[in-house]
Amino acid sequence: MAIYHRYDAVIVGAGGAGLRAALEAGQRCKTAVVSKLYPTRSHTGAAQGGMCAALANVEEDSWEWHAFDTVKGGDFLPDQDAVDVMCKEAIEAVLDLERMGLPFNRTPEGRIDQRRFGGHTRNHGEAPVKRACYAADRTGHMILQTLYQQCNKQGVEFYDEFFVLDLLMIDGACAGIVAIEIASGELHVFHAKSTLFATGGFGKMFKITSNAHTLTGDGPGVVYRKGLPLEDMEFFQFHPTGLYGLGILLSEAARGEGGILRNADGERFMERYAPTIKDLAPRDMVSRAEHQEIKEGRGAGPKKDYILLDLTHLDPEVIEAKLPDITEFARTYLNVEPFTEGVPIVPTAHYAMGGIPTNVSAEVLRNAQNDVIPGFYAAGECACVSVHGANRLGTNSLLDIVVFGKRGGIHMAEYANSTKHLEISEDAHKPTEEWIASLMEGESDVRIADVRSSLQEEMMDNASVVRTDESLNSVLASIEQLNKTYSQAKVRDKGKVFNTELIEHIELGFLLDMAEALVVSAKARTESRGGHYRDDYQSRDDTQWMKHSFITKTPDGGTELTYKPVTLGRYEPVERKY
Amino acid sequence: MDVKLKLLRFNPETDTEAHFEEYTVEAEPMDRLLDVLHKVKWYQDGTLAMRRSCAHAICGSDAMVINGENALACKVLVKDLAQPITVEPIRGLPVIKDFVVDMEPFFAGYKAVKPWLITDPHEHEPARERIQSPEERAVFDDTTKCILCAACTTSCPIFWSDEGYVGPAAIVNAHRFIFDSRDSGARERLEILSQADGAFKCRTAFNCTAACPRGIKVTKAIQEVKRAALFGTV
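Some thoughts on the pairing of strand S5 (residues 85-88) of chain B
Residues and elements named next belong to chain B.
Logical step 1: A two-sided burial pattern is seen for S5, the buried positions comprising Ile85 and Val87 on one face and Thr86 and Glu88 on the other.
Logical step 2: As defined by bridge partners, strand S1 (residues 2-9) adjoins S5 across three bridges and the pair is classed as parallel. Within the sheet, the bridge partner assigned to Leu5 lies in S5 and is Ile85.
Logical step 3: Inspection of the sheet shows strand S3 (residues 63-66) paired to S5 by two bridges, in the antiparallel sense.

Here's the deal with helix H13 (residues 448-462) of chain A
Logical step 1: Taking 1.5 Å per residue as the helical rise, H13 of chain A with its 15 residues ought to reach 21 Å, and the 21 Å between its terminal C-alpha atoms agrees with that figure.
Logical step 2: All buried positions along H13 of chain A are accounted for by Ile448, Ala449, Val451, Arg452, Leu455, Gln456, Met459, Met460 and Asn462 of chain A.
Logical step 3: Where H13 of chain A is buried, its residues contact strand S11 (236-243), strand S14 (343-352), helix H14 (469-488) and helix H15 (500-524) of chain A together with helix H1 (33-43) of chain B.

Let's talk about the pattern of salt bridges
Opposite charge on two side chains permits them to pair, given that their charged atoms come into close proximity.
Logical step 1: Tallied over the full model, the rule gives 70 salt bridges over all chains.
Logical step 2: Here Arg99 of chain A and Asp96 of chain A are joined by a salt bridge, their closest N and O atoms 3.5 Å apart. Of the two residues, Arg99 of chain A and Asp96 of chain A both sit in helix H3 (residues 80-99), three residues apart, roughly one turn of that helix.
Logical step 3: Look at Asp96 of chain A and you get buried, because its relative accessible area is 16%.
Logical step 4: The salt bridge involving Lys145 of chain B is made with Asp142 of chain B; its shortest N-O contact spans 3.4 Å.
Logical step 5: Judged by its relative accessible area of 17%, Lys145 of chain B falls in the buried class.
Logical step 6: Through salt bridges that share partners, Asp75, Glu234, Asp284, Arg288, Arg525, Glu527, Arg529, Arg540, Asp542 and Arg576 of chain A make up one connected network.

Overview of empty space enclosed by the protein
Once rolled over the atoms, a probe with the size of a water molecule shows which space is left empty.
Logical step 1: Applying the stated criterion to the full structure yields eight cavities of 30 Å³ or more.
Logical step 2: Each pocket or cavity is described by its volume, and for the largest cavity that value is around 720 Å³.
Logical step 3: Forming the boundary of the largest cavity are 48 residues, of which His43, Thr44, Gly200, Leu215 and Glu381 of chain A lie nearest the centre.
Logical step 4: Those elements giving two or more residues to the lining of the largest cavity turn out to be helix H1 (16-28), strand S7 (162-170), S14 and helix H11 (396-417) of chain A.
Logical step 5: Tallied by class, the residues present in the lining of the largest cavity amount to 17 nonpolar, 25 polar and six charged.
Logical step 6: Size it by volume and the second largest cavity reaches roughly 230 Å³.
Logical step 7: Lining the second largest cavity are 17 residues, with Leu37, Thr214 and Thr500 of chain A together with Met50 and Arg52 of chain B positioned closest to its centre.
Logical step 8: Of the residues forming the lining of the second largest cavity, the biggest block, four residues, is contributed by H15 of chain A.
Logical step 9: Here the residues of the lining of the second largest cavity are counted per class, giving six nonpolar, three polar and eight charged.

Some points on the environment of Asp400 of chain A
Residues and elements named next belong to chain A.
Logical step 1: Note on placement: Asp400 falls in helix H11.
Logical step 2: Residues Asp400 and Gly172, spaced 228 residues apart in sequence, show a C-alpha to C-alpha distance of 27 Å.
Logical step 3: Setting aside its immediate chain neighbours within four residues, Asp400 contacts Met86, Tyr351, Gly380, Val387, His388 and Gly405.

Quick look at the packing of helix H5 (residues 168-178) of chain B against helix H6 (residues 186-193) of chain B
Residues and elements named next belong to chain B.
Logical step 1: Running from N to C, H5 and H6 cross one another at 155 degrees; their axes reach a closest spacing of 10 Å. In terms of axis orientation, H5 runs roughly antiparallel to H6. Viewed along their axes, H5 and H6 form a crossing whose handedness is left-handed. Residues Ile171, Ala174, Phe177 and Ile178 of H5 lie in contact with H6, whose contacting residues are Ala186, Arg189, Leu190 and Leu193.
Logical step 2: Here the residues of the contact of H5 with H6 are counted per class, giving seven nonpolar, no polar and one charged.

Each value, and the rule that gives it
- Residues numbered from 1 in each chain as written.
- Chains lettered and ligands numbered in written order.
- Predicted model: local features only at pLDDT ≥ 70, side-chain atom pairs only at ≥ 80, totals over all residues.
- Heavy atoms only, no water.
- Buried < 20%, exposed > 50% of the residue type's maximum accessible area, 1.4 Å probe, protein only.
- Helix = DSSP H or I, 4+ residues; strand = E, 2+ residues; numbered from the N terminus.
- Pairing = 2+ DSSP bridges.
- Expected span 1.5 Å × (residues − 1).
- Contact = heavy atoms within 4.5 Å.
- Salt bridge = Lys/Arg side-chain N within 4 Å of Asp/Glu carboxyl O.
- 1 Å grid on protein atoms, 1.4 Å probe; cavity = no way out; pocket = protein on both sides within 12 Å on 5 of 7 lines; lining within 4 Å.
- Points joined across faces, edges and corners; volume = space filled by probe spheres on them.
- Nonpolar A, V, L, I, M, F, W, Y, C, P; charged D, E, K, R; others polar.
- Axes fitted to C-alpha atoms, helices over the stretch in contact; angles between N-to-C directions.
- Parallel < 35°, antiparallel > 145°, perpendicular 65-115°, else oblique.
- Left-handed = near helix turned anticlockwise from the far one by under 90°.

Here it is in structure tokens:
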């Protein structure tokens, strides 16, 4: 049994990318948004620091400088044509949000205020530049709220708390999705001319992460299981300032406003690693520096296993005005008073640079030759354009979601208006129905919580800030074992209504697939670039590796890697120094 | 340490009414209540249903009645809770299962106050941003913090007894626009909020202010909306 719906456009996910797409598609064709969470629960809301655009409201700036920083920050792996699109359109994207009512902080003249952020510089690296437009330390929250408000104003149709389970593919083209309504346990088929995935990231494969419990790679997971490729999966960003033990994010804006990282000796160690921009170096470099400090015995605390984020020299009034949330996080969760003591922090799994491969129109690619899948789009963290390359710069995620969400929304609607629905069968939901039944029938002693925590620990220990062939082999063997155990597990809650045990069970399956894709891609890349650091191959190798990886699951359960050259532009790869 | 819990359980497929069940789990004083509930769900009873996502009080999914007071399960720590810790679903909304309630009436109240920027149709869309001074921006800063968790609305005794009342969260979101210098929809919103189910239902119990996990001065915002409706002081 399943309920069938017919729309021109269906958007899966209601964070910034999904909602921005919905605003465009909704104006042009009959559109539905299908989301696992109520839209305002999406993790866009957790983004804090800002959204960069070369408005030059506070000091001289240009979108080309922004593009350069993005390319260099991404360790020359971003596709430079896509970066140009994003950085050029950034300015209009910010102004768009302001016109929708987003309450940005203001300059004394009443313009959108801007502040410094990691890796964003003036004139190709001379000095930090004030480029991040922000609303205190809740910029993502304000973007999410503003887009949701506009969707309501426009009357966008939402299916809240519907979890995507399958993609309907007809002769290589996309015809919609299958989803489960969490409240009732019923399956729904959304038959659509165009489908856009905006399902977010998959940081929950790691033990310490800033990601929400619900960030389990559902969209990329569905795609991967269809035998379609995922791009640049080896590149996962670790943010340098996650609350110790918890991973909750403390925005880079803390350093943008003058915060300093110190080791156990009180030393400002970033002066040794990035003499010019110090604490505002890109995230991969700062996370590696922290890892190095801890490894060499200069970590703080009784176990010498964390770094201190020092805000004590800053004016408490400035902190309260510009960083109220993150100081409260430190107080609430660690019992630390940031006005008077350093806040214990560690690198935290934060952002997937890789994902579902797309072009700048958000069309999903079926292979490394840039062939597209008709009717299928992706945007936001679940996608890989690639604008972030090997390491995303702070604030560029919020920019990515609004720029490519908008582009995706426009293109999917134009496509829908130019074509007919593909024929789908009356039992398009059958494979999903049988799959769910197989998870629900029978008993097992396997606890998926054990599988999940093993995966998270293994990934943290062996595939995070620093990797080696040995560590990756070890985690790959573990994933194989965990997959076997997982396949024996059964859902114990046999009910239909709000069966979140079933949901978590399926989510873990997606996480296992994402972990496999990440580790296999990382093992193959015998160089260090951006967020992918190999202790056994410490240098970047531009001769061999100026290319994006495409990983595909083969019918026999194995994996296959192919590669696509990086699109270069104005900036030739040079050594990355800050 | 051992932590004792009393959870108000309700499964619509097997129960005729809600009932308390007791659990004991091993936890640390600095653990969030959400972590403890996860231990019950993951290691003792997978049927336990709750909403949660970010686990650090920004997504607004996990509002519950915790030891009698509305709070987010991810923002209260074990060390601050007397045992046994009792957990119940938020009040005034129909319970679907355990701590999951039907949020539709809550969002209906929210949408009723037109919580989106309404601009003057005669105004030209500016080429750049609209100008707003830091002082103008500060007037409504507090109410921009709302995460729509419903902790305020479901702590309100008026809302419990009168399902038509739009509730504190809706008024907070109306306030966020009424006092925004860029908005010109104050009059239509105040008209809506001056009706029988609007802001004047509020009897200033202050439960909402106490319940807000974001520290929004909810009652103050409601009073400002009432004054604006009475005296046109926007």
